[in-house]
Amino acid sequence: MKAVILAGGYGTRISEESGIRPKPMVEIGGKPILWHIMKIYSAHGINDFVICCGYKGHMIKEYFANYFLYNSDVTFDMSNNSMEVHRNKTESWKVTLVDTGEGTLTGGRLKRVRDYIGDETFCLTYGDGVSDIDVSASIAFHRQQGTKATLTAVQQPGRFGVFTLSGEDTHVRHFQEKPEGGEQPWINGGFFVLEPSVIDYIDGDHTTWEREPMERLAREGEMSAFKHTGFWQPMDTLRDKNYLEELIQQGKAPWYKVIQNQPVNA
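A brief structural summary. The shown structure was predicted, so the numbers you read here are calculated from the model rather than taken from an experiment. (Residues numbered from 1 in each chain as written. Predicted model: local features only at pLDDT ≥ 70, side-chain atom pairs only at ≥ 80, totals over all residues. Heavy atoms only, no water.)

1. Describing the overall build of the protein
Part 1 of the reasoning: On a plain count of helices and strands, the protein comes out with 10 helices and 16 strands.
Part 2 of the reasoning: Here the protein holds 266 residues, and the buried ones make up 45% of them.
Part 3 of the reasoning: Taking the intrachain contacts of the protein between residues at least 6 apart in sequence as the baseline, contacts between residues at least 24 apart amount to 72%.
Part 4 of the reasoning: When the accessible surface of the protein is summed, it comes to about 13,800 Å², and 46% of that surface belongs to carbon and sulfur atoms. (Helix = DSSP H or I, 4+ residues; strand = E, 2+ residues; numbered from the N terminus. Buried < 20%, exposed > 50% of the residue type's maximum accessible area, 1.4 Å probe, protein only. Contact = heavy atoms within 4.5 Å. Areas by Shrake-Rupley, 256 points an atom, 1.4 Å probe, with all protein chains shown as cover.)

2. Concerning the side chain of threonine 152
Part 1 of the reasoning: For threonine 152, the location among the structural elements is in strand β10 (residues 149-154).
Part 2 of the reasoning: A relative accessible area of 1% means that threonine 152 is categorised as buried.
Part 3 of the reasoning: Polar contacts involving the side chain of threonine 152 include one to the main-chain carbonyl oxygen of phenylalanine 191, which spans 2.9 Å.
Part 4 of the reasoning: Here threonine 152 is in contact with Ile133, Ile187, Asn188, Gly189, Gly190, Phe191, Phe226 and His228, once residues within four sequence places are set aside. (Polar contact = N/O pair within 3.5 Å; in protein donor to acceptor, adjacent residues only side chain to side chain.)

3. Considering the packing of aromatic side chains
Part 1 of the reasoning: Counted under the stated rule, the structure contains 12 aromatic pairs.
Part 2 of the reasoning: Seen from their ring centres, tyrosine 41 and phenylalanine 191 are 5.9 Å apart, and the 35° between their planes marks the pair as tilted. Separated by 150 residues along the polypeptide, tyrosine 41 in helix α2 (residues 33-42) and phenylalanine 191 in the loop between β13 (187-188) and β14 (192-194) bring together distant segments of the chain.
Part 3 of the reasoning: The interplanar angle of 75° and the centroid separation of 5.6 Å between the aromatic rings of phenylalanine 49 and tryptophan 93 together place this pair among those described as edge-to-face. Of the two residues, phenylalanine 49 is situated in strand β4 (residues 48-53) and tryptophan 93 in the loop between β6 (82-87) and β7 (94-99); the sequence distance between them amounts to 44 residues. (Phe/Tyr/Trp six-rings, centres within 6.5 Å; stacked < 30°, edge-to-face > 60°.)

4. Some words on the pairing of β10
Part 1 of the reasoning: Of all the six residues making up β10, six are buried; the element is thus mostly covered by neighbouring parts of the structure.
Part 2 of the reasoning: Burial along β10 is two-sided: the face carrying Ala149, Leu151 and Ala153 and the face carrying Thr150, Thr152 and Val154 are both buried.
Part 3 of the reasoning: Relative to β14, β10 is paired through two bridges, and the arrangement is antiparallel. Note on β14: the bridge partner recorded for alanine 149 is leucine 194.
Part 4 of the reasoning: The pairing of β10 with strand β15 (residues 223-227) spans five bridges and is classified as parallel. Within β15, the residue paired with threonine 152 across the bridge is phenylalanine 226. (Pairing = 2+ DSSP bridges.)

What follows is the structure, given as structure tokens:
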């Protein structure tokens, strides 16, 4: 099975980083967040990736072209113009990098890689979010549902306190700091499982995957929701990046439990 990763956006809300590199290449724990996402899939046996590049896509291509240099111990013999790899720390990945255009929207990017996907069920996610999702379980759920598309539904805890204030009230009647659980709506967390036929719902470069295609799939009863109640966190802002970095530094990064199959510190 293949996993398609949308990695072409500008990342304007994290411009402190995306001004010099594409957002999927912003590092947490010394590795690009794109690497973390790929490791999540790899932990579930998915090692064939199609990366939808766009803004500063050459940097993503250079990263994989030089993966040996970044992740292995090497000796350069300048007199013989040779390189010897001592400890190979690379992955068993096949990575297809496709230039899908700088201004292309999410649906358009997916449509542009149609020829690389083939005719089998595939995964799709965004290049800026990590999770301890059970990818294997989501695939099994998708097949059980028999729909063309399955999204991962998540609930993200609120960052701020909420309170009730209606009409002409000037007194707060109810307040709760950072509500969690049932009070939060289910939202699209990416980590889709899709049938190739969903690409027929996309008109072209100016189609947003989350709008017309997903809305139509839902109307036709072809969209299932795999509920994930564990960890999920996008990296939309510098604050998000710092939060993810802090989790790693403290040994409390839940998605590492998926990547490295090791206990997460409480």
